[in-house]
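The residues making up each chain are set out below.
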Amino acid sequence: GHRTLTKYYALLERIHTLEKRVQSLSHLLSNEALQLFPDFLHRKAVLTTLGYLDESEAVAVKGRVACEVNTCEELIVTEMVFEGILNDLDPTEIVAALSALVYQQKSSDDEFDIEVPESLLNCCKRMKTIAMNLGQLQKEHGLDVDPIEYADSTYVSSTPTYAMY
């Protein structure tokens, strides 16, 4: 009777309210997604240009290597590997070079008076160049990146803190 009808209307009203809520949330999500979409496209273009993705947008070998790198500087480390920058270094120098990307100690110049090998200095210069180029490439693809700030933020210094292990 009457009570069944009232319950039915209450249920319909609830369904209607929920549907409206779903609609408004979908709208919000789509707006947010649309705002992020250009950034996504720019980043994808950067990865394609660098050869991390192939023409069909599949992950290339370079991309797989970058996925294995667990620091915040996947691109720099991967570029170093593919440019063969680490090939001429001994293990201690490799650790010193990579530690510059992970940890930066603000030390005064007179604190360490260690002769830094030419090969390591050269490696750090090349790392800095890679960082600058990556920053420049991201800027050219429409991302809000300043190449110098990008290189500085990756802690790449041309004079590493080199400790004998």
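Structure's up top.
Throughout, a residue's number is its position along its own chain's written sequence, starting from 1. The predicted nature of this model means local features are confined to residues of pLDDT at least 70 and side-chain atom pairs, given and counted, to a pLDDT of 80 or more, with totals for whole chains, interfaces and linings taken over all residues. No hydrogens and no water enter the side-chain calculation; it runs on all heavy atoms of the structure.

1. Side note on the nonpolar core
We apply this condition: Working definition of a nonpolar core: buried Ala, Val, Leu, Ile, Met, Phe, Trp, Tyr and Cys residues. They are joined through side-chain atoms within 4.5 Å. Residue exposure (1.4 Å probe, protein chains only): buried if accessible area is under 20% of the type maximum, exposed if over 50%, otherwise partly exposed. Helical segments are the DSSP runs of H or I of at least four residues, strand segments are the runs of E of at least two, and each set is numbered from the N terminus. Contact between two residues is taken to exist if any of their heavy atoms lie within 4.5 Å; hydrogens are not considered.
One finds I76, M80, C123, M127 and L134 to be the most contacted residues of the largest nonpolar core, which totals 28 residues. Contributing elements (two or more residues each) for this core: α1 (2–50), α3 (74–82), α4 (91–102), α5 (118–140) and α6 (147–153). Counting residues per element, this core draws most heavily on α5, which supplies 8 residues. Excluding anything up to four places from it in sequence, M80 contacts I85, L86, L98, L101, C123, M127 and I130.

2. Considering the side chain of E79
Mapping E79 onto the fold places it in helix α3. On the basis of relative accessibility, which here comes to 8%, the residue E79 falls in the buried class. Once residues lying within four places of it in the same chain are set aside, the contact partners of E79 are L50, Y52, K62, I130 and L134.

3. Describing a nonpolar patch on the surface
Convention followed: The patches reported here contain residues having more than 30% relative accessible area and no salt bridge. Joining distances are 9 Å for like charges and 5 Å for nonpolar side chains (Val, Leu, Ile, Met, Phe, Trp, Tyr). To be clear on the numbers: accessible area is Shrake-Rupley with a 1.4 Å probe, and residue cover counts the displayed protein chains and nothing else. Each reported salt bridge corresponds to a side-chain nitrogen of Lys or Arg within 4 Å of a carboxyl oxygen of Asp or Glu.
Residues L5, Y8, Y9, L11, L12 and I15 make up a contiguous nonpolar surface patch of roughly 620 Å² in combined accessible area. Residue placement: I15 occurs in helix α1. On the basis of relative accessibility, which here comes to 40%, the residue I15 falls in the partly exposed class.

4. Quick word on the packing of aromatic side chains
Convention followed: Here a Phe, Tyr or Trp ring, Trp counted by its six-membered ring, pairs with any other such ring whose centre lies within 6.5 Å, and the pair is stacked when the planes are under 30 degrees apart, edge-to-face when over 60, and tilted otherwise. For a Lys NZ or an Arg CZ to count as sitting over a ring, it must be within 6 Å of the ring centre and within 35 degrees of the ring normal.
All told, the structure shown has 1 aromatic pair when counted by the stated rule. The ring of F82 is capped by K62, whose NZ or CZ atom sits 5.7 Å from the centre of that ring.

5. Quick look at the pattern of salt bridges
Inspection of every chain in the model, using the stated rule, returns 4 salt bridges. The partner of D39 in a salt bridge is R43, and the shortest N-O contact between them spans 2.9 Å. Of the two residues, D39 and R43 are both situated in helix α1; the distance of 4 residues between them amounts to about one turn of the helix. Given a relative accessible area of 31%, D39 falls into the partly exposed group. Residue K62 is joined to E79 by a salt bridge in which the shortest nitrogen-to-oxygen separation is 3.0 Å. Taken together, the residues K62 in helix α2 (residues 61–68) and E79 in helix α3 connect sequence positions 17 residues apart. You can call K62 buried: its relative accessible area is 15%.

6. Topic: α5
Operational definition: To estimate the expected span of a helix, count its residues, drop one, and scale the result by 1.5 Å.
In this model, α5 (23 residues) spans 33 Å end to end at C-alpha, consistent with the 33 Å of a helix rising 1.5 Å per residue. Of all the residues in α5, the buried ones are L120, C123, C124, M127, I130, A131, L134, G135, L137 and Q138. Among the structural elements, α1, α3, α4 and α6 are those in contact with the buried residues of α5. Two residues or fewer after α5 comes G142, characterised by a positive phi angle close to 90°.

7. As for the packing of α4 against α5
For clarity, the threshold we go by: To define axes, lines are fitted to C-alpha atoms, for helices over the stretch in contact only, and angles between the resulting N-to-C directions are given on a 0 to 180 degree scale. When an angle is under 35 degrees it counts as roughly parallel; over 145 it counts as roughly antiparallel; between 65 and 115 it counts as roughly perpendicular; any other value is oblique. By convention the crossing between two helices is left-handed if the near helix lies anticlockwise of the far one by an angle smaller than a right angle, and right-handed if it lies clockwise. We call Asp, Glu, Lys and Arg charged. Ala, Val, Leu, Ile, Met, Phe, Trp, Tyr, Cys and Pro are nonpolar, and the rest, Gly among them, are polar.
Here α4 crosses α5 at 30°, and the two axes come no closer than 10 Å. Between α4 and α5, the angle falls in the class roughly parallel. Judged by the twist between their axes, the crossing of α4 over α5 is right-handed. Along the contact surface, α4 presents E93, A96, A97, A100 and L101, while α5 presents S119, L120, C123 and M127. Classifying every residue of the contact of α4 with α5 by side-chain character gives 7 nonpolar, 1 polar and 1 charged.

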